[in-house]
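Summary of structural features
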Amino acid sequence: MDTEAVRSFVRAAELGQLQHAADELGVTQQAVSKRIATLERHLNVRLFTRTARGVELTLDGQAFLPHARSIVAGVERAITAVRPGSRALRIDVLGLRSAQAVVLHDYWRSHPDIDLDVVTLRVNDPRVAVAAVQAGDIDASFRTVTDPATLPREVRMIRAFDSALELLVGPRHPLASARTLTPDQLRKHRIWVPGIAPRSEWAEFYDQLATGFDLRVDAAGPNFGNEVLQDTLADSGDVATLVGARDRYIWPTNHDLRRIPIVNPTLAYPLSLILPRTNPHPGLRAIISHFASLAPLPEPTWLPSWAAKPRRSDEAS
């Protein structure tokens, strides 16, 4: 069924004049008349009776009108759901406690008028997130493709911000009393990071980090979530993990866990944003500008190889 014909029928019924409906719809009276005639043939009924004053609904037209209004309203809702600027800005984050979500929440608190929808795709392969941006399922994704040359031409990747790492340990750990730590002091200590998924960006990050500083980073065993990880740290005298300085973690008071900044150099996890190359959601511009207002990390800073030099995707933007 031609939805524009249905729309023309609804406006003609409400206004009682084909010309008035045509003026409102921005078409000719002849176009409205043809649309309604086509609709009548499709339904095999007469919808209007022509009078000297305009048009009046037949009994079939009166029966059809409330359903036609529902059709038009449904089409409007469908268009609104996918049109940039007229629907919520949908951004994918790795987790609702992650640094990306925290930064977005800080921005939203300062701009509560923005219609923001924060989602988690729960996928490890960044190419899946790229495909979701490409298909329009989301407007942007906090993911990194470490080889930008493999990105489809329809999307681009920009550097969002860098997240400093901290060591998270329980009170029995040998490093628990330190105010700050250097990467050299982490050597020979077990750093347990469950959930390092193959082919993920963070798998490559931790591989380079362990190689670069001779660290013992492992993901042995199943990943039962942050609560189990924190329970393990609280009871252990030799297990530590790495967390982002902006990541939000909550644990029972009796766990007495400690977050210790790592300095000289600061270990930084680079966060990128993937978005459409053309016609991005209008709300993204202000959020991207917000990233530039974040406080810089303490120098010197270590970054993985793909973030140590400008990306071609950034240069192209």
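Structural notes, computed from the coordinates.

Reading the values: the criteria
- Residues numbered from 1 in each chain as written.
- Predicted model: local features only at pLDDT ≥ 70, side-chain atom pairs only at ≥ 80, totals over all residues.
- Heavy atoms only, no water.
- Buried < 20%, exposed > 50% of the residue type's maximum accessible area, 1.4 Å probe, protein only.
- Helix = DSSP H or I, 4+ residues; strand = E, 2+ residues; numbered from the N terminus.
- Pairing = 2+ DSSP bridges.
- Arc of directions from axis to C-beta.
- Contact = heavy atoms within 4.5 Å.
- Salt bridge = Lys/Arg side-chain N within 4 Å of Asp/Glu carboxyl O.
- Phe/Tyr/Trp six-rings, centres within 6.5 Å; stacked < 30°, edge-to-face > 60°.
- Core = buried A, V, L, I, M, F, W, Y, C linked by side-chain atoms within 4.5 Å.

This part takes up the pairing of strand β11 (residues 266–276). Burial analysis of β11 places 11 of its 11 residues in the buried class, the great majority of the element. Direction of pairing for strand β6 (residues 155–169) relative to β11: antiparallel, over a ladder of nine bridges. Counted as the bridge partner of I158 is L273 from β11.

A word on helix α6 (residues 126–135). For α6, every residue scored as buried is listed here: P126, A129, V130, A132 and V133. When α6 is viewed along its axis, its buried side chains cluster within an angular range of 160° and face the same direction. In the core, the buried residues of α6 are packed alongside β3 (89–92), β5 (140–141), β6, α7 (201–213) and β11. Positive backbone phi, approximately 85°, marks G136, located one or two places after α6.

In this fold, H290 is placed in helix α9 (residues 284–292). Its relative accessible area of 18% is what places H290 among the buried residues. Non-local contacts of H290, meaning those with residues more than four positions away in its chain, are made with V103 and Y107.

Once that is clear, we can look at the pattern of salt bridges. One pass over the structure, following the stated rule, counts 14 salt bridges. Two residues, R69 and E14, come together in a salt bridge whose shortest N-O distance is 3.0 Å. Of this pair, R69 sits in helix α4 (residues 59–82) while E14 sits in helix α1 (residues 3–15), and the two are 55 residues apart along the sequence. In this structure, E40 engages R50 in a salt bridge whose closest nitrogen and oxygen atoms are separated by 4.0 Å. Taken together, the positions of E40 in helix α3 (residues 29–43) and R50 in strand β1 (residues 48–51) put the pair 10 residues apart, joining distant regions of the chain. By relative accessible area, E40 is classed as buried at 10%. Residue R50 is classed as partly exposed on the basis of its relative accessible area of 39%. If you follow the salt bridges from partner to partner, you end up with R11, E14, E24 and R69 in one network.

All chains considered together, the criterion is met by nine aromatic pairs. Seen in terms of ring centroids, F161 and F291 are 5.7 Å apart; in terms of plane orientation they differ by 50°. Their pairing is tilted. Residue F161 is located in strand β6, and its partner F291 is located in helix α9; the two are separated by 130 residues in the primary sequence. By way of ring pairs, the aromatic residues F205, Y206, F213, Y269 and W302 are connected into one cluster.

A few words on the nonpolar core. Here is a general trend for soluble globular proteins: nonpolar side chains tend to be buried in one another's company. One finds I91, F142, F161, L209 and I287 to be the most contacted residues of the largest nonpolar core, which totals 49 residues. Elements supplying a minimum of two residues to this core: β3, α5 (99–110), β6, α7, β9 (239–244), β11 and α9. Residues within four places of I91 in sequence aside, it is in contact with L104, L116, D117, V118, V119, A140, F142, L273, L284 and I287. Counting residues in hydrophobic clusters, the runner-up holds 18 residues, among them A12, L18, V32 and L65.

Another point: unusual backbone geometry. That bond from N264 to P265 is cis: its omega, 5°, falls within 30 degrees of zero. Here P265 lies in the loop between β10 (258–261) and β11. In this model, E299 is joined to P300 through a cis peptide bond whose omega is -5°. Positionally, P300 belongs in the loop between α9 and β12 (301–302). The phi dihedral of R199 is positive, around 70°, even though this residue is not glycine. Mapping R199 onto the fold places it in the loop between β7 (190–192) and α7. Relative accessible area serves as the criterion here: at 60%, R199 is assigned to the exposed category. The backbone of D256 shows a phi angle near 55°, a positive value even though the residue is not glycine. Along the chain, the position of D256 falls in the loop between β9 and β10.

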